[in-house]
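So the chains spell out like this:
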Amino acid sequence: METVVSGIRSTGNLHLGNYFGAIKNFLKMQRENNCFFFIADYHSLTTHPKPDDLHGNIKQVLAEYLACGIDPEIATVFIQSDVPEVTELYLLLNMNAYVGELERTTSFKEKIRKQPDNINAGLLTYPVLMAADIIIHRANKVPVGKDQEQHLEMTRRFARRFNTMYSVDYFPEPDAYNFGKKLIKIPGLDGTGKMGKSEGNGIFLADTPEVIRKKVMKAVTDSGPTEHNQPHSEPVKNLFTIMNVVSDPSTIQYFKDKYSSCEIRYGELKKQLGEDIVKFTDPIRNRINEILADKKYMAKVVKQGAEKARESASRTIREVREIIGYREF
Ligand code: TRP
């Protein structure tokens with residue numbers, strides 16, 4: 001069995017793009033691999049969340065993970081900050097990470113531009129902490145999006161460097177797990193680009209039916225086809241892409257035919273799409289609320305996850321300390 005690690009920062013609610021782009025694949029992987037799925041709450045500190053918000057953010061993402069079907073009896077589901085061993089490995093790896101290479105990281109350069117008033121050292125060493133998250137469980141596969149590829153490459157480099165420095169073959173070099181051709185990119189509702197967290201573009205799993213209907217009715221379209229079998233414009237193509245994951249094939253065909261014969265009414269299409277999204281998200285939303293209300297269950301999941309994750313992490317730390325040269329008195 002291969003070991004899989006993936007994390008998500010607790011900085012906002014999960015949306016349809018997260019579900020179809022990532023979580024659906026976590027669900028497929030959890031049975032065939034030794035999976036560790038965690039909430040990267042240390043990483044969320046780089047943007048200085050308010051103390052009053054921190055716990056709620058963590059809880060929300062955890063409830064969303066579970067509501068989607070990540071099974072804490074099969075996978076190890078945990079909160080990063082419950083596993084302090086990761087901070088020790090982070091410290092140790094920092095000694096072999098060079099400031100120059102960290103400064104050249106694309107995500108760091110982006111942050112310098114976006115938050116010039118808060119260029120903290122945690123941002124600079126973000127990839128080191130991420131590497132520690134992954135190699136502390138000696139993972140082989142890391143299911144992440146394309147935006148994380150450079151971080152994965154750095155993880156491999158840090159693992160290799162450790163092995164070389166101490167002449168051991170200890171850490172595997174993990175690969176970004178690619179979902180192949182089946183990777184679905186869910187577009188946003190604003191006509192261009194992928195679904196994100198920005199207002200009006202994304203649909204959150206926790207959105208109420210009323211909110212979802214409203215958001216979909218406001219989605220960008222075009223002025224309608226004027227010729228038979230005209231190709232779809234980008235905003236229309238986007239609506240069909242979302243339809244493809246939530247609607248029946250016959251419904252999709254119906255609207256495609258209407259489009260081809262120039263009889264489509266976008267209002268009707270959006271109404272249907274809104275209902276089909278609600279049909280998909282509503283059971284998840286109900287489940288999120290049920291889980292959030294069940295404090296005992298959440299506490300149990302978190303405790304069990306922390307125990308399993310710490311068992312794996314502390315073994316690595318023990319062995320790493322030995323390799324580095326720490327000895328008992
Ligand atoms: N950097 C990742 C993101 O922003 C989150 C993350 C932190 C992560 N540690 C990880 C992902 C370890 C995979 C493995 O999405």
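The following refers to the structure shown. (Residues numbered from 1 in each chain as written. Predicted model: local features only at pLDDT ≥ 70, side-chain atom pairs only at ≥ 80, totals over all residues. Heavy atoms only, no water.)

Across its full length, the protein chain holds 14 helices and 5 strands. At 22 Å, the protein chain has a C-alpha radius of gyration in line with the 20 Å of a compact globule built from 329 residues. Along the first, second and third principal axes, the C-alpha set of the protein chain runs to 80 × 45 × 40 Å. Evaluated residue by residue, the protein chain yields a buried proportion of 47% over its 329 residues. Summed over all atoms, the accessible surface of the protein chain reaches about 16800 Å², with 50% contributed by carbon and sulfur. Taking the average location of the 46 positive side-chain charges in the protein chain and that of its 43 negative ones, the two points are 1 Å from each other. (Helix = DSSP H or I, 4+ residues; strand = E, 2+ residues; numbered from the N terminus. Rg over C-alpha atoms; globule rule 2.2 N^0.38 Å. Buried < 20%, exposed > 50% of the residue type's maximum accessible area, 1.4 Å probe, protein only. Areas by Shrake-Rupley, 256 points an atom, 1.4 Å probe, with all protein chains shown as cover. Lys, Arg positive; Asp, Glu negative; His and termini not counted. Charge placed at Lys NZ, Arg CZ, Asp CG, Glu CD.)

Here we come to the side chain of K141. Its location among the elements puts K141 in strand β4 (residues 141–143). What K141 contacts, discounting residues up to four positions off in sequence, is E2, T3, V4, V5, M29, N33, D175 and Y177. (Contact = heavy atoms within 4.5 Å.)

This brings us to the site of the ligand. Around the ligand, 13 residues are found, and the nearest of them are G7, Y126, M130, D133 and Q148. The side chain of R9 places a nitrogen or oxygen atom 3.4 Å from an oxygen atom of the ligand. Isolated, the ligand exposes 360 Å² of accessible area, and the fraction of that covered by the protein chains is 90%. Those elements that place two or more of their residues in the shell around the ligand are β1 (3–9), β2 (34–40) and α8 (126–135). (Near = heavy atom within 4 Å. Polar contact = N/O pair within 3.5 Å; in protein donor to acceptor, adjacent residues only side chain to side chain.)

For helix α1 (residues 16–29), spanning 14 residues, the distance from its first C-alpha to its last is 19 Å, which sits close to the expected 20 Å at 1.5 Å a residue. At A22, α1 shows its maximal bend, which comes to roughly 40°. For α1, the set of buried residues is L16, G17, N18, Y19, F20, G21, I23, N25, F26, L27 and M29. (Expected span 1.5 Å × (residues − 1). Bend = angle between axes of the 7 residues up to and from the residue.)

Once that is clear, we can look at the packing of aromatic side chains. In the structure shown here, the tally under the stated rule is 10 aromatic pairs. Between F38 and F78, the ring centres sit 5.3 Å apart and the planes meet at 20°, which makes this aromatic pair stacked. Of the two residues, F38 sits in strand β2 while F78 sits in strand β3 (residues 76–79), which places them 40 residues apart along the sequence. Note on accessibility: F38 and F78 belong to one class, buried. One aromatic cluster is present, built from ring pairs that chain together F162, Y166, Y170 and F171. Of note, R138 hangs over the ring of Y170, and the distance from its end group to the ring centre comes to 4.0 Å. One Lys or Arg, R321, reaches over the ring of Y326 and ends 4.7 Å from the middle of that ring. (Phe/Tyr/Trp six-rings, centres within 6.5 Å; stacked < 30°, edge-to-face > 60°. Lys NZ or Arg CZ within 6 Å of the ring centre and 35° of its normal.)

The next subject is the pairing of β2. Within β2, 6 of the 7 residues are buried, which leaves the element mostly enclosed by the surrounding structure. The pairing of β1 with β2 spans 7 bridges and is classified as parallel. What sits directly across from G7, in β2, is F38. For the crossover from β1 across α1 to β2, the handedness is right-handed. Sheet analysis places β2 next to β3, joined by 4 bridges and oriented parallel. Following the sheet pairing, F36 is matched in β3 by T76. (Pairing = 2+ DSSP bridges. Right-handed = clockwise from strand over helix to strand, strands pointing away.)

Once that is clear, we can look at the pattern of salt bridges. Considering all chains together, one arrives at 16 salt bridges under this definition. Note that R321 is salt-bridged to E88, the shortest N-O span being 2.7 Å. Taken together, the residues span a long stretch of sequence, with R321 in helix α14 (residues 295–324) and E88 in helix α4 (residues 85–94) at a distance of 233 residues. The partly exposed category is assigned to R321, whose relative accessible area is 33%. A relative accessible area of 26% places E88 in the partly exposed class. (Salt bridge = Lys/Arg side-chain N within 4 Å of Asp/Glu carboxyl O.)

Let's shift gears to the nonpolar core. Counting residues in hydrophobic clusters, the biggest one holds 52 residues, and the most contacted among them are L16, Y65 and I277. Filtering out sequence-adjacent residues up to four positions away, I277 remains in contact with L16, I203, I212, V216, I242 and V246. Among the nonpolar cores identified, the runner-up in size contains 38 residues, and F78, V86, M130 and M154 belong to it. (Core = buried A, V, L, I, M, F, W, Y, C linked by side-chain atoms within 4.5 Å.)

For N229, which is not glycine, the phi torsion reads 55° and is therefore positive. The phi angle at C262 is positive, at roughly 60°, despite the residue not being glycine.

So, on to the environment of Y98. Structurally, Y98 is set in the loop between α4 and α5 (99–103). On the basis of relative accessibility, which here comes to 47%, the residue Y98 falls in the partly exposed class. C-alpha separation for the pair Y98 and T125, spaced 27 residues apart in sequence, amounts to 9.7 Å.

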